[in-house]
Amino acid sequence: MSKDKKLPGIDTTDHVAKGGVLNRRLFLTSSIASTAALATASAAYGEDIIGEGQDDWTIYPGTDALEYSDRSRFEVENVKRFIPNFPQKFLDLRLTKYVARTPLDHLLGTITPNGLHFERSHQGIPDIDPDKHFLVIHGMVKNPLKYDIDALENYPTVSRHHYLECSGNSQVLFQETPTDQPIQQIHGLVSGTEWTGVLLSTLLDECGISPDAKWIIAEGADNGMMTRSIPIDKALDDTMIAIRQNGERIRPSQGYPMRLYTPGYEGNTSVKWLRSLYVSDRPVMSAQETAKYTDMMPDNKALQFSLEQDVKSIITRPSNAMSLKKKGLYEITGLAWSGKGKISRVEVSVDGGQTWGDAALEGPIHTKMLTRFRIPWMWEGGSAILQSRAYDEFGRIQPTRKELIDARGRNAFYHFHAVQSWGVSPNGEIKNVYA
């Protein structure tokens with residue numbers, strides 16, 4: 001499609017960056033017209049007469065209502081994948097059945113359906129009877145207390161939109177050679193949820209914590225007894241005991257019947273199947289915060305307790321899970337998030353970061369939650385390198401890959417949050433590239 005060709009109701013001359021990136025206002029002020037003109041859409045019905053040649057589903061009655069609704073049989077490919085993406089030197093083949101990733105390229109919006117929320121466990125998913133499960137808060141408290149699920153549901157609850165991300169998400173991008181794995185394998189260890197639960201500060205206030213308390217030691221009831229140390233300031237801030245996810249009871253893979261949830265912290269600290277919170281004046285220094293979940297630096301020293309996650313964004317469409325079929329107008333869309341607060345801005349480039357255009361942000365924008373961004377792009381059929389760059393409300397900016405590796409080195413494994421690039425070839429094929 002030539003740059004001079006006009007599309008009804010669309011101003012294709014208002015470029016904000018090189019390579020065909022159009023003003024974000026196009027989707028804000030003429031979304032109906034622009035959506036109808038997307039390259040993948042078609043409204044040609046030919047000579048068919050409405051009412052003739054009807055499909056079976058318009059002729060015969062449908063099925064009965066179900067006790068728990070199922071999805072369409074045509075969506076069976078929209079599933080989590082279990083192929084591990086860890087480098088060989090880190091690979092434990094047992095992880096294959098303990099890791100499942102969200103299909104980000106199939107989703108729009110910011111809420112991940114419960115059945116597609118990513119999963120990560122270390123010893124599998126326990127089958128816990130909620131009538132026999134308890135949470136004990138003890139240690140440096142005046143009144144040690146024990147709670148079951150029924151007791152927790154009688155406390156004042158809060159519902160908040162937050163993301164959850166494994167700190168190993170996107171780690172293959174630390175490697176020297178670009179991976180050919182699809183977006184789900186690269187970035188699929190992040191999901192967005194409405195979490196409902198009891199603020200931990202409410203329970204700690206009831207127990208009466210010591211003024212000398214500095215840490216909370218959380219332990220799970222899984223076979224591996226996952227244990228992590230949480231700073232007391234975080235515990236008293238927005239940490240909750242989550243008991244529901246998107247309205248329903250959290251699922252076994254997400255910690256049924258109760259889990260710790262620490263918004264904006266690396267996912268491993270949101271201990272699932274929670275059974276114990278020990279209040280202490282020091283961290284426990286468990287294997288999950290010494291041998292693992294530390295950041296190896298170029299001098300072979302390691303950063304420990306780098307818990308708060310950085311500002312990050314990814315383009316989910318177009319991505320290497322698809323190809324561009326023909327020239328025309330496309331929507332570039334993706335997700336941005338920050339472990340510190342709200343996303344304030346996202347820029348998009350299609351020329352490898354030489355020029356940038358501001359993307360539109362879908363509201364409402366929640367703190368420590370996925371934010372959907374989108375911008376129109378007129379693809380003329382040439383080569384392109386698609387990138388997104390996020391900013392949060394505290395002025396933090398997503399770094400380039402070179403900036404991150406210069407700071408962290410190539411021994412790093414966790415917390416990859418640099419700008420990622422999708423390379424588009426003239427034939428519409430899309431690959432992960434380094435730029």
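Okay, so let's go over this structure. (Residues numbered from 1 in each chain as written. Predicted model: local features only at pLDDT ≥ 70, side-chain atom pairs only at ≥ 80, totals over all residues. Heavy atoms only, no water.)

Considering all chains together, one arrives at 20 salt bridges under this definition. Put simply, Glu248 and Arg251 hold a salt bridge, and the shortest N to O gap is 3.0 Å. Across the pair Asp406 and Lys402 runs a salt bridge whose closest N-O atoms are separated by 2.8 Å. Separated by four residues within a single helix, Asp406 and Lys402 lie in helix H7 (residues 401–408), roughly one turn from each other. Taken individually, Asp406 and Lys402 each receive the classification exposed, so the pair is uniform in this respect. A single network of salt bridges, built from pairs that share partners, joins Glu308, Asp310, Asp392, Arg396 and Arg408. (Salt bridge = Lys/Arg side-chain N within 4 Å of Asp/Glu carboxyl O. Helix = DSSP H or I, 4+ residues; strand = E, 2+ residues; numbered from the N terminus. Buried < 20%, exposed > 50% of the residue type's maximum accessible area, 1.4 Å probe, protein only.)

With that settled, the discussion passes to the environment of Val424. Assignment of secondary structure puts Val424 in strand S24 (residues 421–424). As a C-alpha pair, Val424 and Gly382 span 42 residues in sequence and 7.9 Å in three-dimensional space. Each residue touching Val424, except ones within four places of it in the same chain, is listed here: Leu324, Trp377, Trp379, Gly382, Ser383, Ala384, Leu386, Glu429 and Ile430. (Contact = heavy atoms within 4.5 Å.)

Scanning the entire structure with this criterion turns up ten aromatic pairs. Relative to Phe305, the ring of Trp215 lies with its centre 5.0 Å away and its plane at 50 degrees, an arrangement referred to as tilted. Remark: Phe305 occurs in the loop between strand S16 (302–303) and strand S17 (312–317) and Trp215 occurs in strand S9 (residues 215–220); sequence separation between them is 90 residues. On the accessibility criterion, Trp215 (16% relative accessible area) is buried. A ring pair is formed by Tyr330 and Trp377, whose centres lie 6.5 Å apart and whose planes are at 45 degrees; its orientation type is tilted. Of the two residues, Tyr330 sits in strand S18 (residues 328–337) while Trp377 sits in strand S22 (residues 371–379), which places them 47 residues apart along the sequence. One aromatic cluster is present, built from ring pairs that chain together Tyr293, Phe413 and Tyr414. (Phe/Tyr/Trp six-rings, centres within 6.5 Å; stacked < 30°, edge-to-face > 60°.)

With mixed pairing, the five strands of this open sheet are ordered in space as S6-S5-S14-S9-S10. A strand with exactly one partner marks an edge of an open sheet, and here the two such strands are strand S6 (145–147) and strand S10 (227–231). Mean inter-strand twist for the sheet, computed between neighbouring axes without regard to direction, equals 20 degrees. Direction of pairing for strand S5 (residues 135–139) relative to S6: antiparallel, over a ladder of three bridges. By the bridge assignment, Leu135 is partnered in S6 with Tyr147. Taken strand by strand, helix H5 (residues 200–207) contacts S5, S6, S9 and strand S14 (274–280), and its axis lies near 145 degrees from that of S6. (Pairing = 2+ DSSP bridges. Axes fitted to C-alpha atoms, helices over the stretch in contact; angles between N-to-C directions.)

What the five strands build is an open sheet, ordered S20-S19-S23-S24-S25; its pairing is antiparallel. Whereas interior strands pair on both sides, the edge strands pair on one side only; in this sheet they are strand S20 (357–358) and strand S25 (430–433). Of the strand pairs in this sheet, strand S19 (residues 343–349) and S20 are connected by two bridges, and their pairing is antiparallel. If you follow Glu347 over to S20, its bridge partner there is Asp358.

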